[in-house]
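Read off the chains here:
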Amino acid sequence: MRDSVELDSVDWRILEELQNDASIANRTLAERVGLAPSSCLQRVRKLRESGVITGIHASVSPAALGLGLEAVVSINVRPHTREVVNSFQRFILTQPETLNLLHVSGQADFLLHVAVTDSGHLQTFLVDTLASRSEVRYFTSSVVLDEARSRALTRSRK
């Protein structure tokens, strides 16, 4: 496991701004956090090099692409070995319906977030793609009714 990186309040402000809009121009970012553009750019580079910033992503609306139904699927696999877990993860991540896959502790082994066109598509995915896998022992699905916007990771307030 990697050691945590020490960040000051300006680094945290930079991270918050970038999490809310990663396409922000460096000059605008610098103004918002109170730095010269060159200093701001240097700090962003340092955050990338230290592994704090791991990528820049666009948020895409599944519904705008015709994928109007989202679901979360709790999945149990057996045997729960490293080989089975890795193989299952590789397979699921190749499926076009997959938005996110989490390997978790608790009752389920995995939580899978999928986007599909409709309930028929969900049924086909669950029956033909998921249930057909020999390592899948049990799963339940829950349709997403609403999604609250996730909040940017900010400095903890201890």
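Below or above, wherever it landed, is the structure these notes cover. These figures come from a predicted structure and were not determined experimentally.

What counts and how
Each chain carries its own residue numbering, running from 1 in the direction its sequence is written. Since the coordinates come from a predicted model, pLDDT governs what is reported: local features require at least 70, and pairs of side-chain atoms require 80 or more to be given and counted, while whole-chain, interface and lining totals use all residues. Only hydrogens and water are set aside; all other atoms, that is, all heavy atoms of the structure, feed into the side-chain values. Working definition: helices are DSSP H or I runs of at least four residues, strands are E runs of at least two. Numbering for both runs from the N terminus. The globule rule used here is 2.2 Å times the number of residues to the 0.38 power, and the radius of gyration it is set against is calculated over C-alpha atoms. The buried label applies to any residue whose accessible area, calculated with a 1.4 Å probe on protein chains only, is under 20% of its type's maximum; exposed applies above 50%, and partly exposed to all values in between. Note on definitions: a residue-residue contact is assigned when non-hydrogen atoms from the two residues lie within 4.5 Å. Only the protein chains shown count as cover for residues, and the accessible areas themselves come from Shrake-Rupley with a 1.4 Å probe. In this description, strands pair whenever DSSP reports at least two bridges between them. With axes taken as lines fitted to C-alpha atoms, and helix axes fitted only over the stretch in contact, angles between N-to-C directions fall between 0 and 180 degrees. Put simply, angles under 35 degrees are roughly parallel, angles over 145 are roughly antiparallel, angles from 65 to 115 are roughly perpendicular, and the rest are oblique. Polar here means any residue other than Ala, Val, Leu, Ile, Met, Phe, Trp, Tyr, Cys and Pro, which are nonpolar, and Asp, Glu, Lys and Arg, which are charged; Gly is therefore polar.

The helix and strand inventory of the chain stands at 5 helices and 4 strands. Relative to the compact-globule value of 15 Å for 158 residues, the chain shows a C-alpha radius of gyration of 20 Å, a clear excess of over 25%. When its C-alpha atoms are laid out on the principal axes, the chain stretches across 55 × 35 × 30 Å. Among the 158 residues that make up the chain, the fraction classed as buried is 30%. A separation of at least 24 residues holds for 61% of the contacts in the chain among residues at least 6 apart in sequence. When the accessible surface of the chain is split by element, carbon and sulfur atoms take 49% of a total near 10,800 Å².

Spatially, β2-β3-β1-β4 is the arrangement adopted by the 4 strands of the open sheet, whose pairing is antiparallel. Only two strands of the sheet have a single partner each, and these edge strands are β2 (98-103) and β4 (136-143). On average, adjacent strands in this sheet sit at an angle of 20 degrees to one another, irrespective of strand direction. As paired strands, strand β1 (residues 69-77) and strand β3 (residues 110-116) are joined by 7 bridges and run antiparallel to one another. Considered in β3, the bridge of serine 74 is made with leucine 111. Most of the contacts of helix α4 (residues 82-93) go to β2, to which it runs at about 165 degrees, and overall it touches β1, β2, β3 and β4. Across the sheet, helix α5 (residues 119-130) lies against β1, β3 and β4, angled at about 20 degrees from β1, the strand it touches most.

Most of β3 is tucked away, with 5 of its 7 residues classed as buried. When β2 meets β3, the two strands line up antiparallel, connected through 5 bridges. Paired with leucine 102 across the bridge in β3 is leucine 111. A loop of 6 residues connects β2 with β3, the two strands running antiparallel in sequence, and glycine 106 in this loop sits at a positive phi of about 110 degrees.

This paragraph deals with the packing of helix α2 (residues 26-33) against helix α3 (residues 37-49). Contact pair α2 / α3: the axes reach a minimum separation of 8 Å and the direction vectors enclose 95 degrees. Between α2 and α3, the interaxial angle falls into the category roughly perpendicular. Across the interface between the two elements, Asn26, Arg27, Leu29, Ala30 and Val33 from α2 touch Pro37, Cys40, Leu41 and Val44 from α3. In terms of residue class, the contact of α2 with α3 is made up of 7 nonpolar, 1 polar and 1 charged.

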